[in-house]
Every structure is written in structure tokens, then in C-alpha cells.
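Descriptive analysis of the structure
These are the residues of each chain, in order.
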Amino acid sequence: MNEFHDRGPRKVGQVKEVTSLANPIIKDIKALTNKKSREESGTFMAEGLKLVIDAIELGWTIRTLVYAKAAKGKPLVEQMAAKTVASGGLVLEVSEKVISSITRRDNPQMVVGIFETRWAKLRDIRPKEGETWVALDRVRDPGNLGTIIRTADAAGASGVILVGETTDPFSLETVRATMGSVFAVSVAHATAEEFIAWKKQAGVSVVATHLAGSVDYRTIDYKKKPVVLLMGNEQSGLPEQLAKEADALARIPQQGRADSLNLGVATAVMLFEARRHLLSLSEGK
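Sequence order sets the numbering: in each chain, residues are counted from 1 along the sequence as written. Owing to the predicted nature of the model, reporting of local features is limited to residues with pLDDT of at least 70; listing and counting of side-chain atom pairs is limited to 80 or more, with chain, interface and lining totals taken over all residues. Only hydrogens and water are set aside when side-chain values are computed; all heavy atoms of the structure are taken into account.

An unreviewed UniProt entry lists the protein chain under the name TrmH family RNA methyltransferase, from Rhizobium viscosum.

Here is the structure:
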């Protein structure tokens, strides 16, 4: 499934009106809730006008723009429709029933975009001075991954490297949780072996969080080399294979009854500490 089925010729600038849930284009779009369909088509879904605008402005390729009749005539929606058509994409005007079925929500966003997936290649990543990357080992929870991508964006990190079998960054749940940051942050994936081989020649300092870590995360020098923060799986933590490759095993001091932090929270704590020397309020943020 490389293209969404489009029955019949379509004039440039024409908007296709769809009211039936049985329409084959709608069926193809709804199938994007399945990872297999996303991988086969090389596309994924993003909900909401803001996300669609962000993606188009950042140069992502839109295949299909879907909007509810209620959004028709709104200037920003019309602009995105024009840009979609100009780039060779399809524009669908649909009933609220159809857009609810696409997003599986009772109160859906009025605009949905179907975009081509984009992966960074690990071999092309050459971190420079002042750059920070996050590596996630077998992250399973879409909410955690989405939160981490959003946090990486907010902290000014360069990207996220997914190690091993992980949840899909382009799933509807993950994209929702990123709040649009999936379009601004590079995402790569690799096996543990590929990551280890890359680390050895990338000129980076790998700082891993580990329960056996003896170093307070606040005492580490994050300035001398580009930093990769290596975070373990939600349940089992970091395997020995990866932990032994780290340049520092860090721990976040805790006090109280909770013996661990949520992965998204722990990554945020590490990210803002690693980039503290690079962040200031004087830049208008």
C-alpha cells in the first residue's frame, strides 16, 4: 500500500468530499492505527491544525489533508489545503462522523494530516560540541516516548535514538503525546549492537542512568563532549550489554517511599541537567 486509493481522475485544486465510512481512502487512513499499515505505506497520522501547520512548515511531506465540514472556509485550513494540493497531495472534506472514526475520538480534532514517515540514519549522526542526544533502550510506552520527544525538543536536544524493539514514534498515541515535537526532533533506530558500534566512533560521552550507578547525576561533566543520555526500559532497566558501554553510570538521588521515577520524568531530569549550561531565559523563552 504505497498510495491511498484514489478512485477516478482528480483535478488540481479539487477537494474530494467524503461522507461514507466505507470509502476506500478512509479505510486506508483508518488502517494507519496499525503499525504494519504505517510501515507498508510509509505514512502516519497527525491530528490537529497546529500539528499540520508545524509539520508543513518544517518541510514534512503531506500526502493527504482531511478536514471536517465545520472547518471549511477557515483561512489557516484553506492555506494548508492549498499547500497540500501544491505538493501533489489529496484534500478530503469529510463529515464529523468520518473524522471521528479516523481519530477514534468522540470530540475529534477538525483537521488531520497524513505525512510521510522520516527516520534519521544512525550512521549519519555525528554529534557536535554542545549537542545532546537521548538513547532509549526498548521503550514500550507510547506516552513515555511522546513525552520524551517533546521534552527533548523543549530542552534543545538534537534527537532521540531508539535502541532495540521499541514502541513506534509514529503511532497515533505517541504523536499525540509529542504535541508536534515529533516534527522538530530527529528520531533514529538501531539494534543494541549497532548503537554500541556507533558509540565507539561517534566521539560522544554516554551517560546512563542505572540503579547500580554510583555517580550523582549533578556531578557529571556534561561539557567536555557531546552527550548521549542512555535510559533503560521501563520495567527491567538497562541491560549489562549497554550499561558496560557507558562512560558514566549515574543515579538521581531520591528521598521518600517511591523507589523509582517514571521514565519520562527521569529523562526530563537528566536532560535539563545535561543542558543546564546551555539554557538561559535571555533568549526570549
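Focus on the environment of Leu122
Condition: Strands here are runs of E lasting at least two residues and helices are runs of H or I lasting at least four, both read from the DSSP assignment and numbered beginning at the N terminus. Whether two residues are in contact is decided by their heavy atoms, any of which lying within 4.5 Å being enough.
If you trace the backbone, Leu122 turns up in the loop between strand E5 (111-116) and strand E6 (132-137). Taking C-alpha positions, Leu122 is 32 Å from Thr103, a pair spaced 19 residues apart along the chain. Leaving out residues up to four positions away in the same chain, Leu122 has contacts with Ile161, Ala188, Ala190, Glu194, Phe195 and Trp198.

Remarks on helix H8 (residues 192-201)
Threshold: Think of it in three bands: with a 1.4 Å probe and only protein chains considered, a residue is buried below 20% of the maximum accessible area for its type, exposed above 50%, and partly exposed in between. It is the directions from the helix axis to the C-beta atoms whose arc is reported.
For H8, the full list of buried residues reads Ala192, Phe195, Ile196, Trp198 and Lys199. Looking straight down H8, one finds that the buried residues subtend no more than 165° of arc, so they occupy a single side. Every exposed residue of H8 that faces more than 90 degrees away from the buried side is listed here: Glu193 and Lys200. Looking at the packing, one finds that the buried side of H8 touches E6, strand E7 (159-163), strand E8 (186-190), strand E9 (205-209), strand E11 (227-231) and helix H9 (240-243). Positive phi appears at Gly203, one or two residues downstream of H8, with a value of about 70°.

A few points about the packing of helix H3 (residues 49-57) against helix H4 (residues 75-86)
Put simply, the rule reads: Under this scheme, a helix contributes an axis fitted over its contacting stretch, all axes are lines through C-alpha atoms, and angles between N-to-C directions fall in the 0 to 180 degree range. An angle below 35 degrees is treated as roughly parallel, one above 145 as roughly antiparallel, one from 65 to 115 as roughly perpendicular, and anything else as oblique. Left-handed describes a crossing whose near helix is turned anticlockwise from the far helix through less than a right angle; right-handed describes the clockwise counterpart.
Where H3 contacts H4, the axes come no closer than 11 Å and their chain directions differ by 40°. The orientation of H3 relative to H4 falls into the category oblique. In the packing of H3 onto H4, the handedness of the crossing is left-handed. On the side of H3, the interface is formed by Leu49, Val52, Ile53 and Ile56, while H4 contributes Leu76, Val77, Met80, Lys83 and Thr84.

Here's the deal with the side chain of Ser41
Which entries qualify depends on this criterion: As used in this structure description, the phrase polar contact means that two N or O atoms lie within 3.5 Å; if the pair is within protein, one of them must be able to donate a hydrogen and the other to accept it, and residues adjacent in sequence are counted only when both atoms belong to side chains.
Here Ser41 shows up in helix H2 (residues 35-41). Within the structure, the side chain of Ser41 is placed 2.9 Å from the backbone oxygen of Ser37, a separation counted as a polar contact.

Concerning the side chain of Glu47
One can find Glu47 in strand E2 (residues 43-47). The buried category is assigned to Glu47, whose relative accessible area is 7%. Residue contacts for Glu47: discarding those within four places in its chain leaves Thr103, Arg105, Gln109, Val111, Val112, Leu172 and Arg176.

So, the UniProt feature "domain: RNA 2-O ribose methyltransferase substrate binding" (unreviewed entry) in the protein chain
Here is the rule we go by: UniProt positions are given in the numbering used here, feature names are shortened, and annotations may be inferred rather than shown by experiment.
As recorded in UniProt, the sites labelled "domain: RNA 2-O ribose methyltransferase substrate binding" (unreviewed entry) are residues 45-121. Strand forms 27% of residues 45-121 and helix 38%; the C-alpha atoms that close the span are 22 Å apart.

Quick look at unusual backbone geometry
Of note, the phi angle at Arg138 is positive, near 50°, even though the residue is not glycine. The topology assignment puts Arg138 in the loop between E6 and helix H6 (142-155). A relative accessible area of 25% places Arg138 in the partly exposed class.

With respect to the sheet that holds E11
So the rule is basically this: Any two strands between which DSSP finds at least two bridges are classified as paired.
Strand order in the open sheet formed by seven strands is E8-E7-E6-E11-E9-E12-E10, with parallel pairing between adjacent strands. Among the strands making up the open sheet, the edge pair consists of E8 and strand E10 (215-216). Where helix H10 (residues 263-274) meets the sheet, its contacts fall on E6, E9, E11 and strand E12 (248-251), and the angle it forms with E11 comes to roughly 160°.

Topic: a nonpolar patch on the surface
The test is simple: Every patch collects residues that have over 30% relative accessible area and no salt bridge, joining them within 9 Å if they carry like charges and within 5 Å if they are nonpolar side chains (Val, Leu, Ile, Met, Phe, Trp, Tyr). The method behind every accessible area is Shrake-Rupley, applied with a 1.4 Å probe, and residues are considered shielded solely by the protein chains displayed. Definition used for salt bridges: Asp or Glu carboxyl oxygen within 4 Å of a side-chain nitrogen of Lys or Arg.
Nonpolar side chains collect at one region of the surface, where Phe272, Leu278 and Leu279 lie side by side and expose about 220 Å² of accessible area between them. Relative accessible area serves as the criterion here: at 37%, Phe272 is assigned to the partly exposed category.

Examining the environment of Ile220
Among the secondary structure elements, Ile220 is positioned in the loop between E10 and E11. According to the relative accessible area criterion, Ile220 is buried, its value standing at 15%. For Ile220 and Glu40, which are 180 residues apart along the polypeptide, the C-alpha to C-alpha distance reads 43 Å. Contact partners of Ile220, with chain neighbours within four places excluded, come to Val207, Val215, Ala248 and Ala250.

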